[in-house]
Amino acid sequence: MTGVRARVLRGLGAFAFAGVVALGTGCSYLTERQGELIFRPTKETWWGFNGGQYANDEHWIPVGANGGKLHAWWIKSDHPDAPVLLYLHGARWNLS
């Protein structure tokens, strides 16, 4: 009975080791590729604003002491008391 138990424990250990390796590999892959997987617009909207269905005002907001700027669109609501939504679109240049 001891030989069977030892083989079962070795098998479970090998299975657990393979699971840890697979999990580590998957996490490493996602860490390295997350920017490309998340911030990839479709080909139809890749080059920025594509015509627009809403009238907007374009603004550049100064950020920090080094002269950085934040590109923003302001889309006015028909209702003056409507809440404001800040939408941060990601790390690429496609604001639409």
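These figures come from a predicted structure and were not determined experimentally.

Engineer: Is there a simple way to think about the confidence of the model for the protein in this case?
Structural biologist: As a note on interpretation, predicted positions should not be read in detail where pLDDT is low. Residue-level pLDDT values for the protein average 79, and 76% of them are 70 or greater. Here strand β2 (residues 68-74) is the element of the protein with the lowest mean pLDDT, 83, and helix α1 (residues 2-38) is the one with the highest, 88.

Engineer: Would you mind showing me how to read the pattern of salt bridges here?
Structural biologist: Between side chains of opposite charge, a pair can form as their charged atoms come close. By the definition in use, this model includes one salt bridge. Salt-bridge contacts for D57 lead to K76; the nearest nitrogen and oxygen are separated by 3.7 Å. Of this pair, D57 sits in strand β1 (residues 57-63) while K76 sits in the segment after β2, and the two are 19 residues apart along the sequence. You can call D57 partly exposed: its relative accessible area is 32%. The class for K76 is exposed, based on a relative accessible area of 59%.

Engineer: What should I look at first to understand α1 in this one?
Structural biologist: Turn by turn, an α-helix covers 3.6 residues, leaving residues three or four places apart pointing in a common direction. An ideal rise of 1.5 Å per residue puts 54 Å on 37 residues; α1 measures up with 51 Å between its terminal C-alpha atoms. At E32, α1 is bent by approximately 55°, the largest bend along its length.

What counts, and where the lines are drawn
Residues numbered from 1 in each chain as written. Predicted model: local features only at pLDDT ≥ 70, side-chain atom pairs only at ≥ 80, totals over all residues. Heavy atoms only, no water. pLDDT = per-residue confidence, 0-100. Helix = DSSP H or I, 4+ residues; strand = E, 2+ residues; numbered from the N terminus. Salt bridge = Lys/Arg side-chain N within 4 Å of Asp/Glu carboxyl O. Buried < 20%, exposed > 50% of the residue type's maximum accessible area, 1.4 Å probe, protein only. Expected span 1.5 Å × (residues − 1). Bend = angle between axes of the 7 residues up to and from the residue.

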